[in-house]
Amino acid sequence: MKDGLIIVGFPKCGQVSLIQHLKNISPDTIVKKDEIIWNKEGVKIFKEKYGHNDKIKPLIIKRDPIKRIWSSYWYFDLEEKPFREKYTYEEYLHIDMYAHHLGELNPIRCSNYNKWINNWKELNPIIYEHEELIKIPNFPHLNKTNNIPEMTQAQYTMTKELLDAEMLE
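Just so it is clear, the model here is predicted, and its values are computed rather than measured. (Residues numbered from 1 in each chain as written. Predicted model: local features only at pLDDT ≥ 70, side-chain atom pairs only at ≥ 80, totals over all residues. Heavy atoms only, no water.)

Caption draft 1: Examining unusual backbone geometry more closely. Between Gly9 and Phe10 the backbone carries a cis peptide bond, its omega angle lying at 5°. By the element assignment, Phe10 lies in the loop between strand S1 (4-9) and helix H1 (15-25). We note that Asn138 has phi near 65°; this positive angle belongs to a residue other than glycine. By secondary structure assignment, the location of Asn138 is in the loop between helix H8 (130-133) and helix H9 (153-168). For Asn138, a relative accessible area of 73% translates into the label exposed. (Helix = DSSP H or I, 4+ residues; strand = E, 2+ residues; numbered from the N terminus. Buried < 20%, exposed > 50% of the residue type's maximum accessible area, 1.4 Å probe, protein only.)

Okay, structure coming up:
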C-alpha cells in the first residue's frame, strides 16, 4: 500500500464523514476505515496488515464521549432491530460484550479515550476531535443517526458518573 491513512476509531465520531472529506480535498490520498482501536491486539493487527512505517498512519477521531455513547445506542437500533426493545439505555451502559475483530464493546469502557489511545502511542497516530472537524467549511455529515431524542438529565448524569468512575480505574 502506498501512503495512506487508516482510521482505527472511534465509531460514531465522524469516520465516514472524514473519509469523504479527505477524498473530496485530496482524491489521491488513500483513506480507509479499520475499527480496531478497542481490540487489545489492535496495534499488532495494524502492524501485520499495514506495516510499521511513516507511509501509513493510524488516524483516531474522538468525540464528546457522552454524545458518542448516546448516538451509538440509537444507531444500534438501525443495525439490530429492535435493539432498544432488548436493552434499556441503562442496561446498554452496563453491557459486557467483546467482538473478535472489534474488541471491547461496553460503551463506557470504549469511551475511555486515553486508555485506548495510549495503546497506539508507539505508532504516533494522528488524532482529530469531531467537534473541530465539523467546523470545517463543507465538511460532510454522513452516516448520521437520525431522529435521536434529547437525552434526559437523568440519563446524562448516569452516563457522566459511569464515565468518571471508569476514568479513575
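Caption draft 2: A look at the nonpolar core. By size, the foremost hydrophobic cluster in this structure holds 30 residues, and its most contacted members are Val8, Phe10, Leu18, Ile37, Phe46 and Trp120. Looking at this core, the elements that each hand over two or more residues are S1, H1, helix H2 (42-50), strand S3 (56-62) and helix H7 (113-120). Not counting chain neighbours up to four residues away, the residues in contact with Ile37 comprise Val8, Gly9, Phe10, Ile60, Trp116 and Trp120. Listed in part, the 13 residues of the second largest apolar core include Ile69, Tyr89, Tyr92 and Met158. (Core = buried A, V, L, I, M, F, W, Y, C linked by side-chain atoms within 4.5 Å. Contact = heavy atoms within 4.5 Å.)

Caption draft 3: Representation of the packing of aromatic side chains in the model. Under the criterion given, the structure shown has 11 aromatic pairs. Where Tyr73 meets Tyr89, the ring centres are 5.3 Å apart and the plane angle is 75°; that geometry is what we call edge-to-face. One end of the pair, Tyr73, is in helix H3 (residues 65-79); the other, Tyr89, is in helix H5 (residues 89-93), with 16 residues separating them in the sequence. An identical accessibility class is assigned to Tyr73 and Tyr89; each is buried. Between Tyr89 and Tyr92, the ring centres sit 6.5 Å apart and the planes meet at 40°, which makes this aromatic pair tilted. One end of the pair, Tyr89, and the other, Tyr92, are both in helix H5, 3 residues apart, so they sit about a helical turn from each other. (Phe/Tyr/Trp six-rings, centres within 6.5 Å; stacked < 30°, edge-to-face > 60°.)

Read these as layout, nothing more, since geometry by itself doesn't imply function.
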